[in-house]
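Each chain, letter by letter, is given below.
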Amino acid sequence: MANRRMFSKDIVRSDAFLDLPISSQALYFHLGMEADDRGYINNPKSVIRSIGASLGDLEQLANKRFILVRGESLILIKGWRINNTIQPTRLVETKFIDDLKKLFFDENNSYTEKPTGKPILSLCQQNVDNLSTQDSIGKDSIDKVRLVEDSIVKERKEGKTMINNDKPLFCESCFQKLVSKKFLVLEDYADKDRYLELFATLLNEYTRKNICISLNYMLCQVCTTRWDHVSSKSIPIGIRPELAIDDKYSYLRTSLYHSCEKFKDGYDAYLNEQEKKWLDFAKLKFEYEDSKKSEFTDQ
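Residues numbered from 1 in each chain as written. Predicted model: local features only at pLDDT ≥ 70, side-chain atom pairs only at ≥ 80, totals over all residues. Heavy atoms only, no water.

1. Here's the deal with the overall build of the protein chain
- Helix and strand counts for the protein chain stand at 14 helices and seven strands.
- Taken across its 299 residues, the protein chain has 38% of its residues classed as buried.
- Pairs at least 24 residues apart make up 65% of the contacts formed inside the protein chain by residues separated by at least 6 positions.
- Summing over all exposed atoms, the protein chain offers an accessible surface of approximately 17700 Å²; the carbon and sulfur share of this is 51%. (Helix = DSSP H or I, 4+ residues; strand = E, 2+ residues; numbered from the N terminus. Buried < 20%, exposed > 50% of the residue type's maximum accessible area, 1.4 Å probe, protein only. Contact = heavy atoms within 4.5 Å. Areas by Shrake-Rupley, 256 points an atom, 1.4 Å probe, with all protein chains shown as cover.)

2. What about the side chain of Asn-210?
- Mapping Asn-210 onto the fold places it in helix 12 (residues 208-222).
- A polar contact of 3.0 Å, which involves the side chain of Asn-210, links it to the backbone oxygen of Cys-260.
- Apart from the residues within four sequence positions on either side, Asn-210 is in contact with Ser-259, Cys-260, Phe-263, Lys-264 and Tyr-267. (Polar contact = N/O pair within 3.5 Å; in protein donor to acceptor, adjacent residues only side chain to side chain.)

3. Some details on the sheet that holds strand 3 (residues 74-77)
- Sheet architecture is open: three strands sit in the order 1-3-2, paired in antiparallel fashion. The sheet terminates laterally at strand 1 (40-41) and strand 2 (67-71), the two strands that pair on one side only.
- Two elements, strand 2 and strand 3, share four bridges in a ladder whose sense is antiparallel. Looking across to strand 3, one finds that Ile-67 is bridged to Ile-77. (Pairing = 2+ DSSP bridges.)

4. With respect to unusual backbone geometry
- In this structure, Arg-65 takes a positive phi of about 65° despite not being glycine.
- Topologically, Arg-65 is positioned in the loop between helix 5 (55-63) and strand 2.
- One non-glycine residue, Asn-109, lies in positive phi territory at about 75°.
- With respect to the helices and strands, Asn-109 occurs in the loop between strand 4 (104-105) and strand 5 (111-112).

5. Description of the packing of helix 3 (residues 22-34) against helix 5
- Close contact between helix 3 and helix 5 brings their axes to 9 Å; oriented N to C, the two are set at 80°. Of the possible angle classes, the one that applies to helix 3 and helix 5 is roughly perpendicular. From helix 3, Ser-23, Ser-24, Leu-27, Tyr-28 and Leu-31 reach across to helix 5, where they touch Asp-57, Leu-58, Gln-60 and Leu-61.
- For the contact of helix 3 with helix 5, the residue count by class is five nonpolar, three polar and one charged. (Axes fitted to C-alpha atoms, helices over the stretch in contact; angles between N-to-C directions. Parallel < 35°, antiparallel > 145°, perpendicular 65-115°, else oblique. Nonpolar A, V, L, I, M, F, W, Y, C, P; charged D, E, K, R; others polar.)

6. Focus: the side chain of Lys-167
- Turning to its location among the elements, Lys-167 is positioned in helix 10 (residues 163-180).
- Buried and unpaired, Lys-167 has Glu-205 as its nearest opposite-charge partner, separated by 10 Å.
- Setting aside residues no more than four positions away along its own chain, Lys-167 makes contact with Ala-200, Leu-203, Asn-204 and Arg-208. (Lys, Arg positive; Asp, Glu negative; His and termini not counted. Salt bridge = Lys/Arg side-chain N within 4 Å of Asp/Glu carboxyl O.)

7. Observations regarding the packing of aromatic side chains
- One pass over the structure, following the stated rule, counts 12 aromatic pairs.
- Judged by centre distance (5.8 Å) and plane angle (75°), the rings of Phe-17 and Phe-29 are edge-to-face. In this pair, Phe-17 is assigned in helix 2 (residues 15-18) and Phe-29 in helix 3, connecting sequence segments 12 residues apart.
- A relative accessible area of 1% places Phe-17 in the buried class.
- Look at Phe-29 and you get partly exposed, because its relative accessible area is 30%.
- Consider the rings of Phe-105 and Tyr-111, whose centres lie 5.7 Å apart with planes at 10°: the pair is stacked. (Phe/Tyr/Trp six-rings, centres within 6.5 Å; stacked < 30°, edge-to-face > 60°.)

8. Topic: the nonpolar core
- One finds Leu-178, Phe-199, Leu-202, Leu-215 and Leu-252 to be the most contacted residues of the largest nonpolar core, which totals 36 residues.
- Only helix 10, helix 11 (192-203), helix 12, helix 13 (245-263) and helix 14 (273-292) provide two or more residues apiece to this core.
- The element that contributes the greatest number of residues to this core is helix 12, accounting for nine residues.
- If near-sequence neighbours (up to four positions away) are discounted, Leu-252 is found in contact with Leu-178, Phe-183, Tyr-195, Leu-198, Leu-215 and Met-218. (Core = buried A, V, L, I, M, F, W, Y, C linked by side-chain atoms within 4.5 Å.)

9. Observations concerning the pattern of salt bridges
- Evaluated as defined, the whole model comprises eight salt bridges.
- Across the pair Arg-5 and Asp-37 runs a salt bridge, and its minimum N-O distance is 2.8 Å. Remark: Asp-37 occurs in the loop between helix 3 and strand 1 and Arg-5 occurs in the segment before helix 1 (9-12); sequence separation between them is 32 residues. Neither residue differs from the other here; Arg-5 and Asp-37 are each classed as buried.

10. Notes on helix 11
- Its 12 residues give helix 11 an end-to-end C-alpha distance of 17 Å, which sits within 8% of 16 Å, the value for a rise of 1.5 Å per residue.
- The set of residues buried in helix 11 consists of Lys-192, Tyr-195, Leu-196, Leu-198, Phe-199, Ala-200, Leu-202 and Leu-203. (Expected span 1.5 Å × (residues − 1).)

So, in C-alpha cells, the structure goes:
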C-alpha cells in the first residue's frame, strides 16, 4: 500500500467540506491517510480514538456523503478516485473486492451505490501511466518541499517567526485551554470552528501576549470555585458548563474583546484588588506558558 496520499481541492476546499466542524475535517484527512489503495478503511474507530475525534465526526462525514458506510467497521472514501490516482503497476488490491464489485462511478468519478453503467473494476484497469504533472508527486516536487521546510527552519533559528503559519496552532491552543478549564465541554466541540475563528480574528487586532493574558484573566474570573461545606465539594462561581453554547460563546467573545482592548496599552488599569489579583495570576500563567509553548510567543 502506498505511503503517499493526495487530497483534491475540489473536495477539501468546497463549501460543503468547509462547513464541517474542524474535528470532522481533520478526521477526513486522517482516514484518507489510513485508507487502502481503493479507499477502504476497516478500523475507523481506532483512527477516531488516535486523534481524539468522536463518532459524531464520523457521522457528519457520512451524512454529508464524504464517506460511505459499508459495514459495521468498514467505510469507504467516496471521492477517493478524485483525490488519488494510483498506477495499476503500483496498486495493492483491496481485501474488500466483493464489496467493490457492488459499486459504480458517478459523473464526478466518485463512488456510488446507484447503477450508472460505469462499474468500478473495469474502469479502474485503464492505463494511468500518462498522469499529468499536477496529479503526480515526483522527485522535483519533493525537493522543492524540502527546500521550503529547510528555509522555515533556518528562519526560525534566526528568530524570524512566521506568524501566519503558526496561527492555527495558536488558535487550537487557546481552544484547548477553554476545554481544560471546563469552560467548554464535550458537546461544545461541534461549535469548535466558531471559537477558532474568534481567536484568529483577535490575532489580526491584538498581540498574542495580550490575547493569552486576557484569556487567562477571563478564565480566572469565570472558573473560580468555592468550597461548599454541606456537600463537601467545590462549587463553580462563574459560568456553568451546562450553559447554552450560544450564551457561552457570546460571553467569551464580549469578555475577550473587552479585556484585550483594556490591556492593549499595558496591564495597570486595575479596577479593584480582586481584579488585580486575577490579572497578576493571569500574567504569571502567561509567563509559564510562554516558557513552555513556542506558540504563545508574543510578536
